[in-house]
Amino acid sequence: MPIALVTGANRGLGFATARALARHGMCVLLGGRDPIRTEAAAAELRTEGLQVGALPLDVTDPDSVAAAAAHATDRHGRLDVLVNNAGVLPEATDTRDHAFADAAMFRRTYETNVFGTVAVTDAFLPLLHRSVMGRIVNVSSTMGSLQDQCDPKSPYYGMILPAYQSSKAALNAVTVALAKKLAGTPITVTSVCPGWVQTDLAPGNRERAPLTPDEAARIVVTAATLAADAPSGTFIDSAGVVAW
Ligand code: NDP
């Protein structure tokens, strides 16, 4: 049975992704920074007959990342799928606010969305190398697409969230660099945009976003189950390839 880890899996898209991967026949580790809420999320999925476990994991805490990797090594000995889903959007989404995001805001956003992903990937890479077909999925956003941000015809053109958008652009650059590093291995690295999802990522999302977390999780599963000959280092959404 393939082993998968989803970070930030106690709620939102991460929880739906954990459920979808488990329904796909994987044993899924739900990574979460609050052990009690993460265990509760895992228990909910177990009532559905799914094979899941809770893994305490704060992606911004090096000790927590190391402990999670050590636990997975002892318990499972390998990892087949890593979904870097944990993410934050702490800046104001009101675009009438003309203040530019300050450096502290950038740091807070990058700590999770970029450095957290890098730290978790680095810690779990030895386990992914023990898989016959490792799959790394970085949950990004079209908000990180520079082409989209610069296209006046894009629905996202008027959205200005400097810290979040640049963190996802940086995450996409990490996807490309890592895919090159891992060329010649069976491991693929993919950035995905799940679409606009009914979660608590930003105020108003639950009321206005068109996609349920279960619907949005499908594209993550697609990237997590890419065929052996699929290209690595791509950026996709449910409609196909997204421009960087
Ligand atoms: P939510 O706010 O609902 O969930 C975010 C998850 O990330 C929570 O489980 C949260 O845990 C976790 N998390 C945050 N910081 C850390 C950390 N330091 N360590 C471990 N876990 C952490 O948001 P979504 O489910 O919407 O977001 C999931 C991903 O999808 C993000 O990367 C986001 O950028 C991306 N995305 C979302 C879109 C949307 O429309 N919702 C659109 C495009 C991309 P906790 O409960 O402890 O806070």
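In case you missed it, the structure is sitting above this.
Residues numbered from 1 in each chain as written. Predicted model: local features only at pLDDT ≥ 70, side-chain atom pairs only at ≥ 80, totals over all residues. Heavy atoms only, no water.

S.K.: Describe the site of the ligand, and please don't skip the residues or the numbers.
M.R.: The immediate surroundings of the ligand are formed by 29 residues, with R11, R33, Y164, V197 and T199 found nearest. One of the side-chain N or O atoms of N205 is found 3.3 Å from a nitrogen atom in the ligand. Calculation on the ligand without its partners gives an accessible area of 900 Å², and the protein chains cover 96% of this total. The residue inventory of the shell around the ligand, partitioned by class, reads 11 nonpolar, 12 polar and six charged. (Near = heavy atom within 4 Å. Polar contact = N/O pair within 3.5 Å; in protein donor to acceptor, adjacent residues only side chain to side chain. Areas by Shrake-Rupley, 256 points an atom, 1.4 Å probe, with all protein chains shown as cover. Nonpolar A, V, L, I, M, F, W, Y, C, P; charged D, E, K, R; others polar.)

S.K.: So, the pairing of strand β5 (residues 135-139): which residues are in play, and what are the values?
M.R.: Among the five residues that make up β5, five are buried, leaving the element largely enclosed by the rest of the structure. Alternating positions in β5 separate into two faces, R135, V137 and V139 on one and I136 and N138 on the other, with burial throughout. Pairing geometry for strand β4 (residues 81-84) and β5, over four bridges, is parallel. The residue bridging L82 from the neighbouring strand is I136, located in β5. Across five bridges, the pairing between β5 and strand β6 (residues 188-192) is parallel. Bridged to N138 within β6 is S191. (Buried < 20%, exposed > 50% of the residue type's maximum accessible area, 1.4 Å probe, protein only. Helix = DSSP H or I, 4+ residues; strand = E, 2+ residues; numbered from the N terminus. Pairing = 2+ DSSP bridges.)

As far as function goes, none of this settles anything; it's purely spatial.
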